[in-house]
Amino acid sequence: MPRKKVLAANWKMYKNPSQTRDFFRDFLPLISGNDRDEIVVCPPYVDLPTAIETAKGSNVAIGAQNLHWEKEGAFTGEISAAMLLDVGCTHVIIGHSERRQHFGESDDVGNVKLKAALEAGLTPIVCVGEVLEEREAGLTEDVLRRQCTRAFYSISARKAGKLIVAYEPVWAIGTGKTATPQLASQAHLVVRGEAAKAFGKEFADNLRILYGGSVKPENAKSLMAEEEIDGALVGGASLDPKSFAAIVKY
Ligand code: PEP
(Lines give C-alpha, C1' and ligand atoms only; values in the text may rest on other atoms or scores of the structure.)
Protein backbone atom coordinates (compact mmCIF):
# COMPACT_ATOMS: atom_id res chain seq x y z
CA MET A 1 0.00 0.00 0.00
CA PRO A 2 1.43 3.42 -0.88
CA ARG A 3 2.38 5.60 2.07
CA LYS A 4 0.09 8.58 2.64
CA LYS A 5 2.09 11.75 2.19
CA VAL A 6 2.36 14.46 4.86
CA LEU A 7 2.66 18.16 4.06
CA ALA A 8 3.83 19.89 7.21
CA ALA A 9 4.40 23.60 7.83
CA ASN A 10 7.09 24.81 10.23
CA TRP A 11 6.40 28.46 10.95
CA LYS A 12 9.52 28.84 13.12
CA MET A 13 9.32 32.11 15.14
CA TYR A 14 6.85 33.85 12.83
CA LYS A 15 3.22 35.02 13.32
CA ASN A 16 1.25 36.02 16.38
CA PRO A 17 -2.25 34.75 17.24
CA SER A 18 -4.10 37.27 15.10
CA GLN A 19 -1.84 36.56 12.12
CA THR A 20 -2.48 32.86 12.77
CA ARG A 21 -6.24 33.48 12.59
CA ASP A 22 -5.79 35.39 9.32
CA PHE A 23 -3.68 32.59 7.87
CA PHE A 24 -6.33 29.94 8.53
CA ARG A 25 -9.14 32.20 7.28
CA ASP A 26 -7.35 32.36 3.92
CA PHE A 27 -5.76 28.91 3.86
CA LEU A 28 -8.67 26.62 4.77
CA PRO A 29 -10.93 27.49 1.80
CA LEU A 30 -7.98 26.98 -0.54
CA ILE A 31 -7.40 23.39 0.57
CA SER A 32 -10.92 22.34 1.52
CA GLY A 33 -11.79 18.84 0.29
CA ASN A 34 -8.12 18.08 -0.27
CA ASP A 35 -7.86 14.84 1.65
CA ARG A 36 -5.33 13.07 -0.56
CA ASP A 37 -2.54 13.76 1.96
CA GLU A 38 -2.16 14.71 5.62
CA ILE A 39 -1.71 18.41 6.34
CA VAL A 40 -0.03 19.66 9.52
CA VAL A 41 0.73 23.23 10.63
CA CYS A 42 3.28 23.84 13.41
CA PRO A 43 3.09 27.43 14.69
CA PRO A 44 4.86 28.94 17.71
CA TYR A 45 3.55 27.82 21.11
CA VAL A 46 1.49 30.96 21.81
CA ASP A 47 -0.44 30.48 18.56
CA LEU A 48 -1.42 26.87 19.26
CA PRO A 49 -4.83 27.54 20.90
CA THR A 50 -5.82 29.92 18.08
CA ALA A 51 -4.62 27.49 15.40
CA ILE A 52 -6.44 24.57 17.02
CA GLU A 53 -9.67 26.51 17.44
CA THR A 54 -9.55 27.97 13.93
CA ALA A 55 -8.64 24.71 12.18
CA LYS A 56 -11.27 22.70 14.08
CA GLY A 57 -13.43 20.60 11.75
CA SER A 58 -10.93 20.94 8.90
CA ASN A 59 -8.43 18.37 7.66
CA VAL A 60 -5.49 20.31 9.11
CA ALA A 61 -3.73 18.93 12.19
CA ILE A 62 -1.77 21.20 14.49
CA GLY A 63 1.69 20.47 15.85
CA ALA A 64 4.30 22.13 18.06
CA GLN A 65 7.90 22.85 17.08
CA ASN A 66 9.49 21.44 20.23
CA LEU A 67 8.74 19.86 23.60
CA HIS A 68 10.46 19.02 26.87
CA TRP A 69 11.00 15.37 27.73
CA GLU A 70 9.77 15.55 31.33
CA LYS A 71 6.08 15.48 32.19
CA GLU A 72 6.34 18.53 34.46
CA GLY A 73 8.80 20.14 36.83
CA ALA A 74 11.12 23.05 37.49
CA PHE A 75 12.09 23.65 33.86
CA THR A 76 11.44 27.34 33.32
CA GLY A 77 10.31 28.18 29.82
CA GLU A 78 9.62 24.59 28.78
CA ILE A 79 6.46 22.81 27.58
CA SER A 80 5.68 19.10 28.06
CA ALA A 81 4.05 16.56 25.77
CA ALA A 82 1.05 16.36 28.12
CA MET A 83 0.53 20.12 27.84
CA LEU A 84 0.64 19.96 24.06
CA LEU A 85 -1.87 17.13 24.01
CA ASP A 86 -4.16 18.91 26.42
CA VAL A 87 -4.30 22.00 24.24
CA GLY A 88 -5.17 19.82 21.21
CA CYS A 89 -1.86 19.28 19.42
CA THR A 90 -1.39 16.01 17.60
CA HIS A 91 2.13 16.44 16.18
CA VAL A 92 5.49 17.74 17.34
CA ILE A 93 8.75 18.52 15.51
CA ILE A 94 11.85 17.12 17.23
CA GLY A 95 15.53 17.90 16.64
CA HIS A 96 15.10 20.60 14.00
CA SER A 97 18.52 21.75 12.79
CA GLU A 98 17.86 25.26 14.14
CA ARG A 99 17.44 23.76 17.60
CA ARG A 100 20.64 21.79 17.14
CA GLN A 101 22.52 24.84 15.83
CA HIS A 102 21.26 27.62 18.13
CA PHE A 103 20.25 25.74 21.26
CA GLY A 104 22.84 22.99 21.37
CA GLU A 105 20.38 20.13 21.05
CA SER A 106 22.16 16.83 20.68
CA ASP A 107 21.05 13.57 19.09
CA ASP A 108 20.61 12.17 22.61
CA VAL A 109 18.26 14.98 23.62
CA GLY A 110 16.31 14.16 20.47
CA ASN A 111 16.04 10.59 21.68
CA VAL A 112 14.52 11.48 25.07
CA LYS A 113 12.17 13.96 23.41
CA LEU A 114 11.12 11.30 20.92
CA LYS A 115 10.42 8.86 23.75
CA ALA A 116 8.34 11.48 25.59
CA ALA A 117 6.32 12.33 22.48
CA LEU A 118 5.62 8.68 21.64
CA GLU A 119 4.76 7.85 25.24
CA ALA A 120 2.20 10.68 25.26
CA GLY A 121 0.66 9.63 21.94
CA LEU A 122 1.88 12.60 19.88
CA THR A 123 3.07 12.06 16.30
CA PRO A 124 6.74 13.07 16.26
CA ILE A 125 8.45 14.51 13.20
CA VAL A 126 12.14 13.83 13.85
CA CYS A 127 14.51 15.96 11.77
CA VAL A 128 17.87 14.71 10.53
CA GLY A 129 20.27 16.10 7.95
CA GLU A 130 23.86 17.01 7.21
CA VAL A 131 25.53 20.43 7.11
CA LEU A 132 27.32 21.58 3.96
CA GLU A 133 30.82 20.71 5.24
CA GLU A 134 29.67 17.17 6.01
CA ARG A 135 28.19 16.75 2.52
CA GLU A 136 31.31 18.14 0.89
CA ALA A 137 33.48 15.80 2.95
CA GLY A 138 31.40 12.82 1.79
CA LEU A 139 30.04 12.26 5.29
CA THR A 140 26.30 12.55 4.59
CA GLU A 141 25.51 8.86 5.03
CA ASP A 142 27.59 8.61 8.22
CA VAL A 143 25.86 11.64 9.70
CA LEU A 144 22.39 10.34 8.85
CA ARG A 145 23.25 6.91 10.28
CA ARG A 146 24.52 8.45 13.52
CA GLN A 147 21.54 10.79 13.89
CA CYS A 148 19.04 7.99 13.27
CA THR A 149 20.77 5.42 15.47
CA ARG A 150 20.83 7.84 18.39
CA ALA A 151 17.33 9.18 17.84
CA PHE A 152 15.85 5.66 17.64
CA TYR A 153 17.95 4.26 20.52
CA SER A 154 16.10 1.91 22.88
CA ILE A 155 12.67 2.45 21.32
CA SER A 156 10.65 -0.59 20.28
CA ALA A 157 8.83 -0.88 16.95
CA ARG A 158 5.57 -1.13 18.90
CA LYS A 159 6.22 2.18 20.65
CA ALA A 160 7.62 3.91 17.55
CA GLY A 161 4.33 3.41 15.65
CA LYS A 162 3.52 7.03 14.79
CA LEU A 163 7.08 8.11 13.98
CA ILE A 164 7.67 10.39 11.00
CA VAL A 165 11.20 11.41 9.95
CA ALA A 166 12.10 14.56 8.01
CA TYR A 167 15.33 14.58 6.01
CA GLU A 168 16.42 18.21 5.99
CA PRO A 169 19.87 18.89 4.54
CA VAL A 170 20.91 21.94 6.57
CA TRP A 171 22.47 23.63 3.54
CA ALA A 172 19.02 23.66 1.90
CA ILE A 173 17.08 25.18 4.81
CA GLY A 174 16.06 28.77 4.14
CA THR A 175 18.75 29.12 1.49
CA GLY A 176 16.73 28.67 -1.69
CA LYS A 177 18.95 25.68 -2.54
CA THR A 178 16.95 22.47 -2.83
CA ALA A 179 18.29 18.95 -2.91
CA THR A 180 17.48 17.31 -6.22
CA PRO A 181 14.73 14.72 -5.93
CA GLN A 182 17.35 12.01 -6.63
CA LEU A 183 19.74 13.25 -3.97
CA ALA A 184 16.91 13.45 -1.43
CA SER A 185 15.80 9.93 -2.36
CA GLN A 186 19.31 8.58 -1.73
CA ALA A 187 19.31 10.12 1.74
CA HIS A 188 15.82 8.76 2.43
CA LEU A 189 17.03 5.27 1.59
CA VAL A 190 19.76 5.62 4.22
CA VAL A 191 17.19 6.74 6.81
CA ARG A 192 14.88 3.88 5.83
CA GLY A 193 17.76 1.45 6.19
CA GLU A 194 18.42 2.71 9.73
CA ALA A 195 14.72 2.44 10.56
CA ALA A 196 14.80 -1.16 9.31
CA LYS A 197 17.74 -1.93 11.62
CA ALA A 198 16.04 -0.32 14.60
CA PHE A 199 12.41 -1.34 14.05
CA GLY A 200 12.34 -4.05 11.37
CA LYS A 201 11.70 -4.04 7.64
CA GLU A 202 7.93 -3.86 7.77
CA PHE A 203 8.05 -0.79 9.99
CA ALA A 204 10.64 0.82 7.71
CA ASP A 205 8.54 0.09 4.63
CA ASN A 206 5.65 2.01 6.18
CA LEU A 207 7.71 4.87 7.65
CA ARG A 208 6.93 8.29 6.19
CA ILE A 209 10.12 10.21 5.41
CA LEU A 210 9.55 13.85 4.48
CA TYR A 211 11.96 16.10 2.62
CA GLY A 212 12.62 19.60 3.93
CA GLY A 213 14.78 22.41 2.57
CA SER A 214 13.48 25.26 0.41
CA VAL A 215 10.36 23.41 -0.76
CA LYS A 216 8.31 25.83 -2.85
CA PRO A 217 5.24 25.60 -5.10
CA GLU A 218 7.65 25.40 -8.08
CA ASN A 219 9.58 22.36 -6.90
CA ALA A 220 6.97 20.50 -4.82
CA LYS A 221 5.64 18.42 -7.71
CA SER A 222 8.96 16.97 -8.79
CA LEU A 223 9.97 16.21 -5.20
CA MET A 224 6.62 14.57 -4.42
CA ALA A 225 6.87 12.45 -7.56
CA GLU A 226 9.75 10.48 -6.01
CA GLU A 227 8.65 7.16 -4.57
CA GLU A 228 11.00 7.62 -1.60
CA ILE A 229 9.67 11.07 -0.66
CA ASP A 230 6.60 10.82 1.53
CA GLY A 231 5.88 14.50 1.95
CA ALA A 232 7.52 17.77 2.86
CA LEU A 233 8.41 19.86 5.87
CA VAL A 234 8.10 23.44 4.69
CA GLY A 235 9.48 26.54 6.40
CA GLY A 236 9.46 29.89 4.59
CA ALA A 237 6.95 28.94 1.90
CA SER A 238 4.41 27.79 4.49
CA LEU A 239 3.93 31.29 5.93
CA ASP A 240 1.85 32.46 3.01
CA PRO A 241 -1.53 30.71 2.71
CA LYS A 242 -1.51 30.73 -1.10
CA SER A 243 1.98 29.35 -1.33
CA PHE A 244 1.44 26.60 1.25
CA ALA A 245 -1.90 25.71 -0.41
CA ALA A 246 -0.10 25.43 -3.76
CA ILE A 247 2.42 23.07 -2.16
CA VAL A 248 -0.37 21.00 -0.60
CA LYS A 249 -1.97 20.74 -4.05
CA TYR A 250 1.40 20.08 -5.83
C1 PEP B 1 12.35 24.10 7.87
O2 PEP B 1 12.29 25.05 8.62
O3 PEP B 1 12.19 22.96 8.31
C4 PEP B 1 12.60 24.34 6.45
C5 PEP B 1 12.71 23.32 5.64
O6 PEP B 1 12.69 25.65 6.05
P7 PEP B 1 12.66 26.21 4.51
O8 PEP B 1 11.50 25.53 3.82
O9 PEP B 1 12.45 27.68 4.66
O10 PEP B 1 13.96 25.85 3.90
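This is a predicted model, so every value here is computed, not measured. (Residues numbered from 1 in each chain as written. Predicted model: local features only at pLDDT ≥ 70, side-chain atom pairs only at ≥ 80, totals over all residues. Heavy atoms only, no water.)

S.K.: Before we move on, could you go through the site of the ligand and cite the residues and values that matter?
M.R.: Residues in contact with the ligand amount to 14 residues; listed here are only the nearest, Lys12, Glu168, Gly174, Ser214 and Gly235. Taking Lys12, its side chain carries an N or O atom lying 2.8 Å from an oxygen atom of the ligand. In this structure, an oxygen atom belonging to the ligand sits 2.8 Å away from a main-chain N or O atom of Gly236. Relative to its unbound accessible surface of 300 Å², the ligand loses 97% to contact with the protein. Partitioned by chemical class, the residues of the shell around the ligand number four nonpolar, eight polar and two charged. (Near = heavy atom within 4 Å. Polar contact = N/O pair within 3.5 Å; in protein donor to acceptor, adjacent residues only side chain to side chain. Areas by Shrake-Rupley, 256 points an atom, 1.4 Å probe, with all protein chains shown as cover. Nonpolar A, V, L, I, M, F, W, Y, C, P; charged D, E, K, R; others polar.)

S.K.: Help me get a handle on the sheet that holds strand E6 (residues 164-167), residues and values and all.
M.R.: Paired through their backbone hydrogen bonds, the strands of a sheet run either parallel or antiparallel. Strand order in the closed barrel made by the eight strands is E1-E2-E3-E4-E5-E6-E7-E8, with parallel pairing throughout. Here the average twist between neighbouring strands, direction ignored, is 25 degrees. Looking at chain direction, strand E4 (residues 91-94) and strand E5 (residues 123-128) are connected through four bridges and run parallel. In the strand pairing of E5, His91 is matched with Thr123. Along the sheet, helix H5 (residues 107-120) makes contact with E4 and E5, crossing E4 at roughly 175 degrees. (Pairing = 2+ DSSP bridges. Helix = DSSP H or I, 4+ residues; strand = E, 2+ residues; numbered from the N terminus. Axes fitted to C-alpha atoms, helices over the stretch in contact; angles between N-to-C directions. Contact = heavy atoms within 4.5 Å.)

S.K.: An account of the packing of helix H1 (residues 17-31) against helix H12 (residues 241-248) is requested, with residue identities and associated values reported.
M.R.: Closest axis-to-axis distance for the H1/H12 pair is 9 Å, and the angle between their directions is 30 degrees. Relative to H12, H1 is oriented roughly parallel. The hand of the H1/H12 crossing is right-handed. For the pair H1 and H12, the contacting residues are Phe23, Asp26, Phe27, Leu30 and Ile31 in the first and Pro241, Lys242, Phe244, Ala245 and Val248 in the second. Considering only residue class, the contact of H1 with H12 consists of eight nonpolar, no polar and two charged. (Parallel < 35°, antiparallel > 145°, perpendicular 65-115°, else oblique. Left-handed = near helix turned anticlockwise from the far one by under 90°.)

S.K.: Give a detailed account of the nonpolar core, specifying residues and quantitative values.
M.R.: Counting residues in each nonpolar core, the largest one holds 66 residues, and the members touching the most others are Phe24, Phe27, Val60 and Phe244. For this core, the element with the most residues is helix H9 (residues 181-199), which contributes six residues. Counting eleven residues, the second-largest nonpolar core is a separate cluster that includes Cys42, Ile93, Ile164 and Leu210. (Core = buried A, V, L, I, M, F, W, Y, C linked by side-chain atoms within 4.5 Å. Buried < 20%, exposed > 50% of the residue type's maximum accessible area, 1.4 Å probe, protein only.)

S.K.: If you had to explain the side chain of Ser97 to someone new, which residues and values would you point to?
M.R.: Take Ser97: it is sitting in helix H4 (residues 97-103). For Ser97, a relative accessible area of 9% translates into the label buried. Beyond its immediate chain neighbours, meaning those up to four positions away, Ser97 contacts Val170 and Ile173.

S.K.: Hey, could you go over H12 for me, with residue numbers and the actual values?
M.R.: Structural remark: α-helix, 3.6 residues per turn; residues separated by three or four positions point the same way. In terms of residue burial, H12 counts as a mostly covered element, since six of its eight residues are buried. Those residues of H12 that sit buried are Pro241, Ser243, Phe244, Ala245, Ile247 and Val248. Turning to H12, the residues buried within the fold contact strand E1 (6-10), H1, strand E2 (38-42), helix H11 (217-224) and strand E8 (231-234).

S.K.: Residues and numbers for the packing of aromatic side chains, please.
M.R.: What the rule picks out here adds up to eight aromatic pairs. When the centroid spacing of 4.8 Å and the interplanar angle of 75 degrees are considered together, the rings of Trp11 and Phe23 count as edge-to-face. With a gap of twelve residues between them, Trp11 in the loop between E1 and H1 and Phe23 in helix H1 connect regions that are remote in the sequence. Just as Trp11 is buried, Phe23 falls in that class too. A ring pair is formed by Trp11 and Phe24, whose centres lie 6.1 Å apart and whose planes are at 45 degrees; its orientation type is tilted. One end of the pair, Trp11, is in the loop between E1 and H1; the other, Phe24, is in helix H1, and 13 residues separate them in sequence. Across the pair, Phe24 and Trp11 agree in class, each one buried. These aromatic residues form a ring-pair network of at least three members: Trp11, Phe23, Phe24, Phe27 and Phe244. Above the face of the Tyr250 ring, Arg36 is positioned so that its terminal group lies 4.0 Å from the ring centre. (Phe/Tyr/Trp six-rings, centres within 6.5 Å; stacked < 30°, edge-to-face > 60°. Lys NZ or Arg CZ within 6 Å of the ring centre and 35° of its normal.)

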